[in-house]
Every structure is written in C-alpha cells, then in structure tokens.
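A look at the structure
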Amino acid sequence: MFCFMVEVERIVKANDREYNEKFQYADNRIHTSKYNILTFLPINLFEQFQRVANAYFLCLLILQLIPEISSLTWFTTIVPLVLVITMTAVKDATDDYFRHKSDNQVNNRQSEVLINCKLQNEKWMNVKVGDIIKLENNQFVAADLLLLSSSEPHGLCYVETAELDGETNLKVRHALSVTSELGADISRLARFDGIVVCEVPNNKLDKFMGILSWKDSKHSLNNEKIILRGCILRNTSWCFGMVIFAGPDTKLMQNSGKTKFKRTSIDRLMNTLVLWIFGFLICLGIILAIGNSIWESQTGDQFRTFLFWNEGEKSSVFSGFLTFWSYIIILNTVVPISLYVSVEVIRLGHSYFINWDRKMYYSRKAIPAEARTTTLNEELGQIEYIFSDKTGTLTQNIMTFKRCSINGRIYGEVHDDLDQKTEITQEKKPVDFSVKSQADREFQFFDHNLMESIKMGDPKVHEFLRLLALCHTVMSEENSAGELIYQVQSPDEGALVTAARNFGFIFKSRTPETITIEELGTLVTYQLLAFLDFNNTRKRMSIIVQNPEGQIKLYSKGADTILFEKLHPSNEVLLSLTSDHLSEFAGEGLRTLAIAYRDLDDKYFKEWHKMLEDANAATEERDERIAGLYEEIERDLMLLGATAVEDKLQEGVIETITNLSLANIKIWVLTGDKQETAINIGYACNMLTDDMNDVFVIAGNNAVEVREELRKAKQNLFGQNRNFSNGHVVCEKKQQLELDSIVEETITGDYALIINGHSLAHALESDVKNDLLELACMCKTVVCCRVTPLQKAQVVELVKKYRNAVTLAIGDGANDVSMIKSAHIGVGISGQEGLQAVLASDYSFAQFRYLQRLLLVHGRWSYFRMCKFLCYFFYKNFAFTLVHFWFGFFCGFSAQIALDTSYWTFINHVFIWGSIAIYFSILFIMHSNGIFGIFPNQFPFVGNARHSLTEKCIWLVILLTTVASVMPVVAFRFLKVDLYPTLSDQIRRWQKAQKKARPPSSRRPRTRRSSSRRSGYAFAHQEGYGELITSGKNMRAKNPPPTSELEKTHYNSTSWIENLCKKTTDTVSSFSQEKTVKL
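Small disclaimer: the values here were computed from a predicted structure and weren't measured.

With respect to the helices and strands, threonine 373 occurs in the loop between β14 (370-371) and β15 (385-388). What makes threonine 373 buried here is its relative accessible area of 11%. At a separation of 3.1 Å, a polar atom in the side chain of threonine 373 contacts the side chain of threonine 375.

What follows is the structure in structure tokens.
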C-alpha cells in the first residue's frame, strides 16, 4: 500500500547520498518538453481531437463504415484525416525534439562534484541533493546551493542573477564563518557532515529560511547564504556549495511555467462555426429524412416491383432514419477536412513571409526573424495587451555618461560655429583619450570644453571629478595584462567612475581605511574616515575623507529632490540653474544625480564621530540615532552640479511603443528591476510623461494596505461619486468587468500605475485582484517592479482570464520564460542573457522595434488573408453542398449524389492545373522560335509583341484601357469610403482632424514632477555595501589594525553581517509603509 507524503520541511545531510535518498528528493535532471516516446501518441491525439472538426470527421468515418447508410467509401475520409493528423503530429514532434535537445544540452553540462574524498566530473543530471560542488569563475550554478567557502576573504562571492531577475549588476553572497574556514581543503570538505533543515521548495527568489546543524551548534541560514541555479559566478576564482534543491525543485524551475497548447481565436471561431454548421447539417438531414419518409409512404410503393422488395420489408420511418445518416455523410462537404489542410498551408506560407522579411533582419549579428510556430500568425493581428520585460528587451543595459552640469555650466553639448546647439553626428570627432594609457577605449565624449576646463585648472571641475572618483562602492583589480578592471554593483556607478577615469581622475584601489586615486598623473591617498551608506529612505550616499593636506571633506551624491533640501542657502542661484539643467536632462530621458560637498571642521567632526560611536554601541533605537547623525552632518552642503547617465534604449523603441499605442495596444512593463530604474526607462520610452494626470504608486506591505491604496487610486481616477466593488462578490465579476470596459472608454486623462512585487503578491489574491485589474486597465501605462518570474505569468493569466483579451509577452532572459509560455503569443529576443526565452517562444528576433512590423504588418495581413479565405471557402462549400440538397427533391430523397466525388475532384484538378499549364504553354509557344520553324506560314510574325511595344500608339491603347478599367473601381471605392466608412476610416479622419485642430505646441516652463527621474544608482540595492567595504571583509589585503582614533570604529563593527541583514529588513519595512499615491 502506497501513501503520498507531503513534504513539510527539507532535511539534507552533506556528503551522504544514502541518507538523502530515503526522502526521495528529485534529481537534477530538468524536463521542459511536452512529450516522451510513450506519451507522445495519446497526448498529441488528445490535443488534436480537441479540434471539433477532427472529432467530427472521426465520427463521420465511423458512419461511413456502415454499409446500410453510406453511399461513399470510407477511403475518401480516412486518407485526408490521417494526412492532417500526421502532418500536425510531425510538426509537434519536431518542436518537442528541439526542446529535448535543449534539455539534454543542459543536463549534460559538466560540474565538479566531491565524491569519495575527491573531485570528479559529473553531468548535471547526476548531481544529487547533499552533494558538494565546486564552481569556478564565469560558471553557471548547477543547483540551489548553500555557500560553504570561496576564494574571496571571509567566504564572499559575487554572482550575476540575470536569468532570475534580469539584473546584470553583481550580488554579494557570503558563507557562514564556520564553513568559510573549510576553504579549498578537499579532505575537510569531504568530512563535512552538517545537516540542513530548511523550507520546502518554493518560487520565492528573495527569501530562504533554514538552519545548519554542525559540531553541536546551530546556525541560521537566509537568502544571503544561498546561490540559486541560473546564477553565474563572477569575479570569484572558486567556491564550494552544498546542494539543497535540485532539478525541478530549484527556484528557477519553480518559476518556469509549463508548456501549454496554444490555439488562435480563428481556431476557436472555426470550432464554433463547425458546431453551428453541424447543427445546420442535422437540420438538412432531418428535412431530407422527413421527405424520404413521406415519399416512401406515398410514392415508394410504385418502385418496389422494380427493386424486388418484399412487402413490409422496409417501413417508411426506418427508411427515413437510414436516409438521415446517409445525407449526413453526403453533405459532409459543407465542412470538408481540406479546410484544415488549406489553413495549415496558408499559415506555413505566412511563417515563411516572416522568416524572409529583410526588414526584420538584424545585420549586426546576422540574426533573422523566425516564426517558431506556424499556428499563431493571424493571432498577431488581434493583440490587445503586450507584457514586456525591461532589461535587454527595451534597453541595452549599457550605462553611458552623457552630460553633466558643473557650477552652472552644461558639459556634453555640441555647438556649431554660431554657438547654436546641434545634434551629434558621425562626422563629429569625440574627445581624444588615446593619450591616456588607462582610459576606457569605449568611452566617448564630444564636448571638448570639459577637457579645456580641466587643463585650465578649474577648481569646481576638479572637485566634481574628484567626488566621482571617491564617492562610490566600486572595487578595482588588475587583470593579467595589467589593465585596470572595475567591479561594480550598479552599472550607474560604473559609468560615473569610468567617466572620471577618462578625464584624469582615476580610481586605483581601496582599503578599509583609504582610497587611492590618480589625479591628473599624481597618486593621492585619502583617509576614509566615515562611510554614510545608502538606503531606500536616504536615497543618497556620502563619504567623509581626509586629504594629504589634512582637510576633512564630506562628498555626497544622490537624488536631486533629497539633496537639494540639504544645501546651504548661499546656493540659491546655482540651485536654480542646476534645476533647469536637470529638467533638460530629464526631458531627454537621462538619469540624473545631484553632486555636493561640505568642508568639515576637525573639532566638529571629532565630536560627531564620538556620537556616532556611541550610537553604534547603543542597544535601543540604534538605527534611528545613526540616521539622525547622518542627517545632522549632511547639511549646509555646497552644490557642485549634476550628472546625466543614459541607459541606452534599443534602437526604435520609442517609435515602436508610440505606434503600438496608436493601434490601441496597451503595453505593460513587468521587470525584476528596481522601481526607480523602471520608472526612468518608462520616461525614456515616453510611456510615462510629466503631462500625465496622475501616477499611482502601490507599495502596501499587506493585503489591507494594498486594497486601501487601490481604492484611493480609483477614487482619484473616477471621482467620489462611484461606488466601487471590493472584489469579494464573485458572482458579479462578469457584470463588473463589462461595466469597466464601458467606463474605460470614458476616461479622458492619462494615468499610470506602478506597483512593487511585494504589493503585487497581495494584489493577486482572490479578494483584491479585481480591484487591481480594474485600475490597471483604466491606466495608459502599467509598470510592475521587483516581480518574480512566476508573478509575471500570474499577471498575464489575470488579464487573459478576466479581460478575455489576446495577450503577447516579450522578453530575452530565462526569467521571462514563464510569462512567454502563459501569454497567447510569446516572443523571444536574441539578447545577451542566453537563448532560453527564444527556445520557449513562438516568434523570435533580435530587436524590440521589429515587434511593430510583426504585429501591424504580418499580423494584420495574416488575419485579413485568413478571414477572406474562410469566407470564400465556406461560400464555395455551401454552394457545392446545397446542390445535393436540392437534388434530393428530384431523386426521391434517396441519398444519391448529384456529382460523383471522384469526378468532381478530377474536374477541380483539370481546371486548376490544366488552366495554368495551358496558359504557360500558349505563352511559351507564341514567343518561341521553334514554332516558327515548324509552321512558318501560320506564325510569320515571331517577335511581333516585342516590336509592337516600341510603338507609342500601343502604349496609349494600354493606358486608355487601364484607365477605363480602373476608374470605375476607384470611383466605387471612393464613394463607398465616403458614404459608408469603416471603423478604420473613421479613426483616420478623426486623427487628421485632431492634427489640424491642435495648436502648435509651445515649449513652456513646466514644474517637473517630483521624482520623475532619478539615478538608478541610488536604487541599486535595498541596502548599500558601505559597511561591507569599510569592514574589509571583501578585501584580500591584511593590514595591521589602525591606530588613529578616527579609524577605530571600523574595526569595532565585528557584527557587520548581522547589522547589514537587520538593516535590510528594517529598511524594507519602512520603505513599504510609504503610502504616497503620486510620484
């Protein structure tokens, strides 16, 4: 007797496969395919017979096997039915074969596993729970691992999580101190027998809870100790980890949706039509059966002598019953199986049109567009909602330092000889950095004035660049070639430090107590006295350093709305200029950051530093006291200027989004990235604008807060007079959504909705999701930030289920696979994050801008062609079938066919192929020299057509004939458009009228929306890495402890990890409690 055990907690023992096997944990083999050898036939046949027509023809085939009622052979039905099913099965098998191939490629990757006290190469699929694995730099993580030790100090390692959340900035993971001592000692690792008790497999990427028991002591585990499958080890020579979750139990696979059988609206329409036509067919059969019974009872007796029937052998009622089934077979051509063959052929042709489209070919990487399925082409023309990833889909994820404002002057603009601002062209030469040996060769800057200011020794410019080189969390190292390499947690910081590097202020190295930079060729070491770290509440970071001359300075950078409040009153004029510059930068879609500094008195700093030490040692209200001290010293700042960093969009993104919006297609951005970063991209893409009536931010920390924020947002949107449903009444859901679709058309303003992942988790609950969907569908733009791959799929399913709309999901990474599988149509972009999204998609190409042509050209044409084909096809078949119905009144309803099927098929082939053959035969004969040689008297004018075309009168006749033929049609269509315009014609007229009536836009000064754009740097992490840097845990250098009183505080922070974890939790809680509705 077997019993099904539900896993309530996971218990894993290291280096003990026998112990772990009794729990029957999943192995590390993954399966993304739909079929195997045993299940292919039944599952595929089940899917195919979901088509009503296939089931209909199967029943028809069974009827044709009964001799008493069939006047047609079963061969005419079974051959095309088997042909259609076989062709579809071969196509499905081919698609699944590539999935198997991809699975095998992943499962057969090699990994070093500790077995029998030595490292052995094992395939990923043979890795078991409890095994200890060695990873090397730039290697993919095979399973969800507990980090034991690494090559970095104190068991740190850096991982890239692009396949999980789309972020390419590095994350820090650190091992327990008790396990980091194991190092790379194979014998000690082999003797490690710790037992981990943790949570069961789940899809939460940012949470992990567990306990490690080893050496009679227990150690708590959190997400910082875990490396997830799909991550890539970066900037770490090696690390060892213990497998906790394997294969389908890993968080990556838990977030991957299942491959679903997708059908188009045309397929569903055809199923509905088949049902109606089948009902119509039954009505025809009943009419003819009744006619046969009447005819048999009144006239049929006169024919029995000729038919040698015995008296009473066949009643009229029974004859009508048999006739009914006979006519069901005869009239089956009203829905012929050739319909589906023809549809599949047309779809195949449309797929080749997409594959052959040169306007969707990306020449830089030689990547063409590819239709990976042939069954969804016409659905492309019906898309209503697009769900898009951000990183790598809308953006290139490349940060570039573009412009800056220093002391009220903008650098980065290009002017002509008349001092007029001009666009940067290819002819414009950038600043030459080749003379600088340590400059980044890929960095380009076109304004030569900044270099001139540096050479002239402008103190403000030097201080500005000095701040960029000092105030950051970047780590530096040299590669084998002696080149300086920066390790950055945020691409924004990398862009700023690289810019300072190219302008002569080169960040060289750092220790917990010092920062060394090279200022215009001179090596300068600054004493790092304090590090005022970033968090989501402060939205800024500051450092306090002492230069070789003994001056103490505070350097700060952060969001302009926060930093401007800390400025000294003497900065009023400069503040006004810099604010105008920031508005200009923001209008161009650049991410801005304010820069300021303060000179500190030595005595004042020592007093403040003493209070900071006391606050660090406090047991109560420690964080509040530290935050207060940070606020106290970060005041009376002197403004230096601002930076403008461009997060490069892919080419044509803005135009594509604009045109898709004009087509009434709504675009939702679902990203795992930070909120402010996503908002910046929204502004850069013109999805968010300062002209919007309102931008709603949902950041509740529980279901009650989320429901309240949604209610307030809807009140602001609709006004106070409308009674809102709270989502609890499920029976009124359909009526409510129908009302929403009506109200949606009455919304006159532009609104946007921004929601965080933790709030979305509560909003997707059954009693809140109706409110979320109602509000989101009324907004022009929806941005979901910090969402997991599973939440992306849940949002898509929500719209699919309750809006009954056709959806499309587009992404480029493994974190987009579940979303791509859930949508009606999935599009994969061949980006920098691998081919997982492409392999799971229905269509793929290299750039987001090609989506416009895919939908508005190929999708529209495919839909029109398919609709016209279906109309013609049903007309043809009704015309052919009703001939037999009418013939029944002339043959005594005897179920005889008017036209023999084989004869009719032969006639079809003769007229189709024969007409083509005759046309080309005559054409070739009339233009050949051979016919003249055979019949010179009958064809004396060979080449007459060629000579005739040289005569002007011939061309005049052709022109007049063409005009005479075309003008009536043109006139008819013109009158039809004018008198009976279609919906598209009406929309075009309205758009033209709007353009004419719209007054010329005048650029007027506008109050910039608060927090419309901010540097993504300030939001790269929930908590900064300042304490990690100042503690020295991530540095290899082993320096003696400092003797300076100002530096002792860094070595007193022995519990930096615990403090960091505690700060992270508190910061998230405080940030989530912000209930601001407007940005």
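Another aspect to go through is the UniProt feature "active site" (unreviewed entry) in the protein chain. The sites that UniProt annotates as "active site" (unreviewed entry) are Asp389. Relative to the helices and strands, aspartate 389 resides in the loop between β15 and β16 (395-406). Among residues more than four places away in sequence, those in contact with aspartate 389 are Leu394, Leu670, Thr671, Lys792, Ile810, Gly811, Asp812, Asn815, Asp816 and Met819. Among the polar contacts listed, one links the side chain of aspartate 389 to the side chain of lysine 792, at a separation of 3.4 Å.

This brings us to the sheet that holds strand β5 (residues 144-150). Read from one edge of the open sheet, six strands run β3-β2-β4-β13-β5-β11, paired in antiparallel fashion. Two strands in the sheet have a free side with no partner beyond their single neighbour: β3 (118-123) and β11 (226-227). Sheet topology places β5 next to β11; two bridges connect them, and they run antiparallel. Looking at the pairing, leucine 145 lines up with isoleucine 227 of β11.

Taken over all residues, the pLDDT of the protein chain has a mean of 79, while the share at 70 or more is 80%. Here helix α36 (residues 1048-1052) stands out as the least confident element of the protein chain, with mean pLDDT 39; strand β13 (residues 238-245) is the most confident, with 94. Segment residues 720-739: pLDDT under 50, and 28 contacts once partners within four positions in sequence are set aside and those in other chains are kept. Predicted confidence for residues 1038-1079 stays below pLDDT 50, and this span has 77 contacts to residues more than four positions away or in other chains.

What follows deals with the environment of leucine 60. Here leucine 60 is to be found in helix α3 (residues 52-64). In the structure, leucine 60 is positioned 272 residues away from asparagine 332 in sequence and 8.0 Å away in space, judged by C-alpha atoms. Those residues in contact with leucine 60, other than ones at most four positions away along the chain, are Thr77, Ile328, Ile329 and Asn332.

Looking now at the packing of aromatic side chains. One pass over the structure, following the stated rule, counts 29 aromatic pairs. A centroid spacing of 5.9 Å and a plane angle of 40 degrees characterise the contact between tyrosine 486 and phenylalanine 507, whose relative ring orientation is tilted. With tyrosine 486 in strand β21 (residues 484-487) and phenylalanine 507 in strand β22 (residues 505-510), the pair connects residues that are 21 residues apart, well separated along the chain. Note on phenylalanine 507: relative accessible area 0%, which makes it buried. Pairing phenylalanine 696 with tyrosine 751 gives two aromatic rings, centres 5.8 Å apart and planes at 5 degrees, and the pair type is stacked. Of the two residues, phenylalanine 696 is situated in strand β30 (residues 694-698) and tyrosine 751 in strand β31 (residues 751-756); the sequence distance between them amounts to 55 residues. The same class applies to phenylalanine 696 as to tyrosine 751, namely buried. Three or more aromatic residues link up through ring pairs in this structure, and these residues are Phe885, Trp886, Phe889, Phe890 and Phe893. Directly above the ring of tyrosine 25 sits arginine 10, whose terminal nitrogen or CZ lies 3.9 Å from the centroid. Residue placement shows lysine 876 over the ring face of phenylalanine 873; its charged tip is 4.7 Å from the ring centre.

The subject of this paragraph is the environment of histidine 448. Tracing the backbone shows histidine 448 in the loop between β19 (421-422) and α13 (449-455). Between the C-alpha atom of histidine 448 and that of proline 430, which follows or precedes it by 18 residues, the distance is 7.9 Å. Setting aside chain neighbours within four positions, we find histidine 448 in contact with Lys429, Pro430 and Val431.

The rules behind the values
Residues numbered from 1 in each chain as written. Predicted model: local features only at pLDDT ≥ 70, side-chain atom pairs only at ≥ 80, totals over all residues. Heavy atoms only, no water. Helix = DSSP H or I, 4+ residues; strand = E, 2+ residues; numbered from the N terminus. Buried < 20%, exposed > 50% of the residue type's maximum accessible area, 1.4 Å probe, protein only. Polar contact = N/O pair within 3.5 Å; in protein donor to acceptor, adjacent residues only side chain to side chain. UniProt positions renumbered as here; feature names shortened; annotations may be inferred. Contact = heavy atoms within 4.5 Å. Pairing = 2+ DSSP bridges. pLDDT = per-residue confidence, 0-100. Phe/Tyr/Trp six-rings, centres within 6.5 Å; stacked < 30°, edge-to-face > 60°. Lys NZ or Arg CZ within 6 Å of the ring centre and 35° of its normal.

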